[in-house]
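# What the coordinates show
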Amino acid sequence: MASENDTPAGIIGEASTELDAEMDAHFDANLPIDEPAEKSARRKEVFRVIKFVLFSASAGIIELLVFTLMNELLELPYWPCYLTALVCSVVWNFTWNRNFTFRATNNVPVAMAKVFAYYCVFTPLTTIGGNYLVETLLWNEYLVTIMNMLLNLVTEYLFQRFVVFGNSIDTKQKKAN
């Protein structure tokens with residue numbers, strides 16, 4: 001019978017947990033005795049940003065694939081292609097970043113509600129703005145989508161880091177074997 005650790009999420013989770021432990025041990029072992037804890041925390045935060053960017057890149061690939069399929073095959077206007085692709089990437093990104101980047105155990109419905117609130121602001125601005133750039137100013141739809149993705153990367157990291165998971169970062173316990 002397959003265990004939870006045999007699933008892709010379980011395998012990635014184990015790898016992420018092992019990598020986190022290895023990085024923590026590496027950073028702690030290489031710190032001089034008189035080095036402040038702030039430098040260790042800064043290194044850990046840099047590693048967190050790297051993980052966020054990598055998971056966001058995977059979400060970006062999903063977003064571009066969905067957008068491209070809808071844009072090229074269905075030949076829909078910009079906004080439904082962008083909106084559908086954005087929703088797909090948000091679900092993917094939230095799931096992975098909650099578990100592996102922020103390792104948070106906070107209340108999932110509350111965390112999702114906070115992310116939903118972020119997207120209640122971000123989505124209309126980028127959908128309406130993007131549609132204006134593409135349909136009225138005749139900008140390339142892929143350029144506009146990539147600009148929105150970069151804006152999303154920066155603002156979502158800050159929002160998730162300080163608002164959604166701020167008080168519960170690294171509270172997820174490692175599973176015993």
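Here the residue index of a chain counts from 1 through its sequence in written order. Where local features are concerned, this predicted model is filtered to residues with pLDDT of at least 70; where side-chain atom pairs are given and counted, the filter is 80 or more; whole-chain, interface and lining totals use all residues. For side-chain calculations, the full set of non-hydrogen atoms in the structure is used, while hydrogens and water are omitted.

### Let's talk about the pattern of salt bridges
Salt bridges are counted wherever a side-chain nitrogen of Lys or Arg sits within 4 Å of a carboxyl oxygen of Asp or Glu. Overall, the coordinates contain five salt bridges when judged by the stated rule. Ionic pairing is found between Glu-45 and Arg-48, a salt bridge with its closest N-O pair at 3.2 Å. Of the two residues, Glu-45 and Arg-48 both sit in helix α2 (residues 37-73), three residues apart, roughly one turn of that helix. For Arg-161, the salt bridge identified is with Glu-45, shortest N-O distance 2.9 Å. Of the two residues, Arg-161 is situated in helix α5 (residues 141-164) and Glu-45 in helix α2; the sequence distance between them amounts to 116 residues. We call a residue buried when its accessible area falls under 20% of the maximum for its residue type, exposed when it is over 50%, and partly exposed in between, using a 1.4 Å probe and counting protein chains only. You can call Arg-161 buried: its relative accessible area is 17%. Taken together, the shared-partner salt bridges connect Lys-44, Glu-45, Arg-48, Arg-103, Arg-161 and Asp-170 into one network. Helix and strand assignments follow DSSP, with helices taken as H or I runs no shorter than four residues and strands as E runs no shorter than two, numbered in order from the N terminus.

### Observations concerning unusual backbone geometry
Even without being a glycine, Glu-75 presents a positive backbone phi close to 50°. Take Glu-75: it is sitting in the loop between α2 and α3 (78-101). Among the residues examined, Glu-75 registers a relative accessible area of 65% and is labelled exposed. A positive phi angle, near 40°, is found at Arg-103, a position not held by glycine.

### Section: α5
Note on helix geometry: an α-helix contains 3.6 residues per turn, so any two residues three or four positions apart are oriented the same way. Taken together, the buried positions of α5 are Val-144, Thr-145, Asn-148, Met-149, Asn-152, Glu-156, Tyr-157, Gln-160, Arg-161 and Val-164. Contacts are assigned to residue pairs that have any heavy atoms within 4.5 Å of one another. Where α5 is buried, its residues meet α2, α3 and α4 (108-136). A distance of 2.7 Å separates the backbone nitrogen of Tyr-142 from a side-chain oxygen at the start of α5, and that oxygen is part of Asn-140. In protein, a polar contact means a hydrogen-donor-capable atom and an acceptor-capable atom, both N or O and within 3.5 Å, with residues adjacent in sequence counting only if both atoms are side-chain atoms; elsewhere, any N or O pair within 3.5 Å suffices.

### Side note on the side chain of Ser-56
By the element assignment, Ser-56 lies in helix α2. When near neighbours in sequence (up to four residues on either side) are disregarded, Ser-56 contacts Asn-93, Asn-97 and Leu-153.

### Some points on the packing of α2 against α3
Closest axis-to-axis distance for the α2/α3 pair is 8 Å, and the angle between their directions is 155°. The angle between the axes of α2 and α3 places the two elements in the roughly antiparallel class. The crossing of α2 and α3 is right-handed. Counted by class, the contact of α2 with α3 contains 17 nonpolar, eight polar and three charged residues. Angles shown run from 0 to 180 degrees and are taken between the N-to-C directions of axes, each axis being a line fitted to C-alpha atoms and, for helices, limited to the stretch in contact. Here is the rule for angles: anything less than 35 degrees is roughly parallel, anything more than 145 is roughly antiparallel, 65 through 115 is roughly perpendicular, and the remaining ranges are oblique. Handedness of each helix crossing follows the sense of rotation of the near helix against the far helix: counterclockwise by less than a right angle gives left-handed, clockwise gives right-handed. Any residue that is not Ala, Val, Leu, Ile, Met, Phe, Trp, Tyr, Cys, Pro, Asp, Glu, Lys or Arg is counted as polar, Gly included; the first ten are nonpolar and the last four charged.

### Digging into the nonpolar core
Here, nonpolar core refers to any group of buried Ala, Val, Leu, Ile, Met, Phe, Trp, Tyr and Cys residues whose side-chain atoms link them within 4.5 Å. Ranked by size, the top nonpolar core spans 25 residues in total, and within it Phe-102, Tyr-119 and Phe-165 carry the most contacts. Broken down by secondary-structure element, the contributors of at least two residues to this core are α2, α3, α4 and α5. Leaving out residues up to four positions away in the same chain, Tyr-119 has contacts with Leu-86, Val-90, Pro-124, Asn-152 and Glu-156.

### Points about a nonpolar patch on the surface
Grouping into patches uses exposed residues only, defined as over 30% relative accessible area, and leaves out salt-bridged ones; the cut-off is 9 Å for like charges and 5 Å for nonpolar side chains (Val, Leu, Ile, Met, Phe, Trp, Tyr). The method behind every accessible area is Shrake-Rupley, applied with a 1.4 Å probe, and residues are considered shielded solely by the protein chains displayed. Nonpolar side chains collect at one region of the surface, where Tyr-132, Leu-137, Trp-139, Leu-143 and Met-147 lie side by side and expose about 460 Å² of accessible area between them. Structurally, the position occupied by Trp-139 is in the loop between α4 and α5.

### Concerning the environment of Glu-72
Inspection of the secondary structure assignment puts Glu-72 in helix α2. One polar contact links Glu-72 to Tyr-142, side chain to side chain, over a distance of 2.6 Å.

### Describing the packing of aromatic side chains
A ring pair, where both rings are aromatic, is described by two values, the distance of the centres and the angle of the planes. Here is the rule: rings of Phe, Tyr and Trp (six-membered ring for Trp) pair when centre to centre is within 6.5 Å. Planes less than 30 degrees apart are stacked, more than 60 are edge-to-face, and the remainder are tilted. Under the definition given, this model contains 16 aromatic pairs. Between the aromatic rings of Tyr-118 and Tyr-119, the centroid separation amounts to 4.7 Å while the plane-to-plane angle is 90°, which identifies the pairing as edge-to-face. Comparing Tyr-118 with Tyr-119 shows no difference in burial state: the two are buried. On the basis of an interplanar angle of 15° and a centroid distance of 5.6 Å, the ring pair of Tyr-118 and Phe-122 is categorised as stacked. Taken together, the residues span about one helical turn, with Tyr-118 and Phe-122 both in helix α4 at a distance of four residues. In this structure Tyr-118 comes out as buried when scored by relative accessible area, which is 10%.

All quantities given are derived from atomic positions and should not be read as evidence of function.
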